[in-house]
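# Structure assessment
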Amino acid sequence: MPVVWMLRRVASRMLQRPACGCQAPVLPSRFLGTSPQQIPADANFHSTSFSEADQPRVLITGGLGQLGVGLASFLRKRFGKDNVILSDIRKPPEHVFLSGPFIYSDILDYKNLREIVVNNRVTWLFHYSALLSAVGEANVSLARAVNITGLHNVLDVAEEHGLRLFVPSTIGAFGPTSPRNPAPDLCIQRPRTIYGVSKVHAELMGEYYYYRYGLDFRCLRYPGIISADSQPGGGTTDYAVQIFHDAVKNGRFECNLKPSTRLPMMYIDDCLRATLEVMEAPAESLSMRTYNVNAMSFTPAELAQEILKHVPEFQITYNVDPVRQAIADGWPMNFDDSNARKDWGWKHDFDLPELVTTMLNFHGSESRVAQAN
Ligand SMILES: NC(=O)C1=CN([C@@H]2O[C@H](COP(=O)(O)OP(=O)(O)OC[C@H]3O[C@@H](n4cnc5c(N)ncnc54)[C@H](O)[C@@H]3O)[C@@H](O)[C@H]2O)C=CC1
Ligand SMILES: CC(=O)[C@H](N)C(=O)O
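The structure contained in this document is the topic of the report that follows. (Residues numbered from 1 in each chain as written. Chains lettered and ligands numbered in written order. Predicted model: local features only at pLDDT ≥ 70, side-chain atom pairs only at ≥ 80, totals over all residues. Heavy atoms only, no water.)

### Quick look at the sheet that holds strand β8 (residues 224–226)
As summarised here, the arrangement of the three strands in space is β8-β10-β12, forming an open sheet in which the pairing is mixed. The sheet is open, and its two borders are formed by β8 and β12 (296–298), each paired with just one other strand. Each strand of the sheet is rotated relative to its neighbour by a mean of 45°, with strand direction disregarded. Here three bridges tie strand β10 (residues 263–267) to β12, and the two strands are oriented antiparallel to one another. Residue Leu263 lies in a different strand from β12, and its bridge partner there is Phe298. (Pairing = 2+ DSSP bridges. Helix = DSSP H or I, 4+ residues; strand = E, 2+ residues; numbered from the N terminus. Axes fitted to C-alpha atoms, helices over the stretch in contact; angles between N-to-C directions.)

Structure representation (structure tokens):
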């Protein structure tokens, strides 16, 4: 263990805990953060109405990707605009910059991360920075740094400052030797992408910090997420987002996966709601710290069939990308999320028909606006 790292931890523990071994002073929870030891056993965040001062102070890392901007806007409705800080290493577009607090944060820079957490009195951290499956295979060393070293920084900051930490995992954390139809929460996980390996590592490290240090780590394994107003960042499930843009714009789409490739998927509204629900769930309702969540499961051919019901001239062709196809062939076809449904009441709203109607409506109205201008 590097000496500097050990000294940092010892110093931080001395600052946080009384040296005499006596009981920690009782302070309001906003001064203490919200780690499990500090939350009363009967705390119920569903029924709690927060006063302005007691709202969580939220930081989102990697917030300018497909999911982060939507998450910020969703959380700001719940906790107030100024209580949710979006961060990334990229420059935000103007509408994002003007919509609420934005800050530069490189998760590979531990000191920068700690400074942000301290200066902004952050209590909840949503760690979204990552390189996804396809871009990860194209740049393994960067994916290893961002997805593994970056995660270590986030875990340490979260533990040292008593944060509640959400880290998303993925269907990509499973591999060809996992049960694939459906994949349960607990089974063999031998992924063959750097993305998958780093996400299994994140699940295990987060759970280790939970058991070892009491870190309030919460993790959902997302399926492929489909969003209308944000672009995917280089994954294997990206086709299921792009198909809607192309169907409305050109009436045709070239798919990079085979027509029969079945994968679990979810509309972004369900994904963001699941994320907030698991973060607000009372600790005692969580029998695990890493849950599968699912909504639907379909193939490119089935998705095209559903789009055809609305866009009769739509045509799909196939030009298979061997890298993405090999990845998809090792991922679950379906996801067993019965534990999430049982423990904290997870229930999705969007199935395939609602997804297609919503996505086409969004893109249809966008293109009508563009034509009118
Ligand atoms: N979009 C999806 O379908 C799914 C996403 N997830 C997970 O959800 C999270 C968010 O996903 P997306 O928004 O789709 O990812 P994305 O690839 O669209 O965005 C990731 C963001 O991380 C940022 N980033 C890269 N290096 C960084 C660094 N050193 N410091 C700070 N930020 C850095 C990038 O600039 C980018 O904005 C990821 O952890 C991903 O693994 C999991 C399953 C499905
Ligand atoms: C399912 C994911 O994690 C992501 N969308 C990807 O395809 O890499």
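### Overview of the pairing of strand β1 (residues 58–61)
Residues Val58 and Ile60 of β1 are buried on one face, and the alternating residues Leu59 and Thr61, pointing to the opposite face, are buried as well. With three bridges connecting them, β1 and strand β2 (residues 84–88) associate as parallel partners. In the sheet register, Val58 faces β2, and the bridge partner there is Val84. A crossover links β1 with its parallel partner β2, the connecting element being helix α3 (residues 68–79), and its sense is right-handed. Of the strand pairs in this sheet, β1 and strand β4 (residues 124–127) are connected by four bridges, and their pairing is parallel. Opposite Leu59, over in β4, you have Leu125 as the bridge partner. (Buried < 20%, exposed > 50% of the residue type's maximum accessible area, 1.4 Å probe, protein only. Right-handed = clockwise from strand over helix to strand, strands pointing away.)

### Examining the pattern of salt bridges
If you walk through the whole model with that rule in mind, you get 14 salt bridges. Put simply, Asp270 and Arg273 hold a salt bridge, and the shortest N to O gap is 3.0 Å. Residue Asp270 and its partner Arg273 are both found in helix α10 (residues 268–280); the two are separated by three residues, about one turn of the helix. Between Lys309 and Glu306 there is a salt bridge, and its shortest N-O distance comes to 3.0 Å. The exposure class of Lys309 is exposed, given its relative accessible area of 61%. Classification of Glu306 by relative accessible area gives buried; the value is 11%. Via salt bridges that share partners, Arg164, Asp216, Arg218 and Arg289 belong to a single interconnected network. (Salt bridge = Lys/Arg side-chain N within 4 Å of Asp/Glu carboxyl O.)

### Observations concerning the site of ligand 1
Every one of the 26 residues lining ligand 1 counts as a neighbour, but Gln66, Asp88, Arg90, Asp106 and Tyr195 are closest to it. Here an oxygen atom of ligand 1 sits 2.9 Å away from a polar atom, N or O, in the main chain of Leu67. A distance of 3.2 Å is found between an oxygen atom of ligand 1 and a backbone nitrogen or oxygen belonging to Tyr128. In the complex, 93% of the free accessible area of ligand 1, which totals 830 Å², lies under the protein chains. Listing elements by their share of the shell around ligand 1, those giving two or more residues are β6 (169–170), α8 (194–213) and β8. Of the residues that constitute the shell around ligand 1, the class distribution is 13 nonpolar, nine polar and four charged. (Near = heavy atom within 4 Å. Polar contact = N/O pair within 3.5 Å; in protein donor to acceptor, adjacent residues only side chain to side chain. Areas by Shrake-Rupley, 256 points an atom, 1.4 Å probe, with all protein chains shown as cover. Nonpolar A, V, L, I, M, F, W, Y, C, P; charged D, E, K, R; others polar.)

### Points about the nonpolar core
Counting residues in each nonpolar core, the largest one holds 70 residues, and the members touching the most others are Ile60, Phe244, Phe298, Leu303, Ile307 and Trp344. Ranked by the residues each element gives to this core, the list is headed by α10, at seven residues. Residues within four places of Trp344 in sequence aside, it is in contact with Leu220, Ala274, Glu277, Val278, Ala281, Ser285, Leu286, Tyr291 and Val293. Within the second largest apolar cluster, 27 residues are counted, among which are Tyr110, Val122, Val167 and Phe217. (Core = buried A, V, L, I, M, F, W, Y, C linked by side-chain atoms within 4.5 Å. Contact = heavy atoms within 4.5 Å.)

### Some thoughts on the environment of Asp185
Among the structural elements, Asp185 can be located in the loop between β6 and α8. Every residue in contact with Asp185, bar those within four places of it in the chain, is listed here: Arg221, Met288, Thr290, Tyr291, Asn292, Asp336 and Asn339. Separated by 2.6 Å, the side chain of Asp185 and the backbone nitrogen of Asn292 make a polar contact.

### Digging into the packing of aromatic side chains
Counted under the stated rule, the structure contains 13 aromatic pairs. For the ring pair Phe126 and Phe166, a centre distance of 5.9 Å and an interplane angle of 40° mean the geometry is tilted. Of this pair, Phe126 sits in strand β4 while Phe166 sits in strand β5 (residues 164–166); the two residues are 40 residues apart in sequence, bridging distant segments of the chain. Comparing Phe126 with Phe166, the two get one shared label, buried. The interplanar angle of 85° and the centroid separation of 5.8 Å between the aromatic rings of Phe174 and Phe335 together place this pair among those described as edge-to-face. Separated by 161 residues along the polypeptide, Phe174 in the loop between β6 and α8 and Phe335 in the loop between α12 (322–329) and α13 (338–344) bring together distant segments of the chain. Judged by relative accessible area, which is 1%, Phe174 ranks as buried. Put simply, the rings of Phe79, Trp124, Phe126, Tyr128, Phe166 and Tyr222 touch in pairs and so form one group of aromatic residues. (Phe/Tyr/Trp six-rings, centres within 6.5 Å; stacked < 30°, edge-to-face > 60°.)

It is worth stressing that arrangement in space is one thing and function is another; only the former is reported here.
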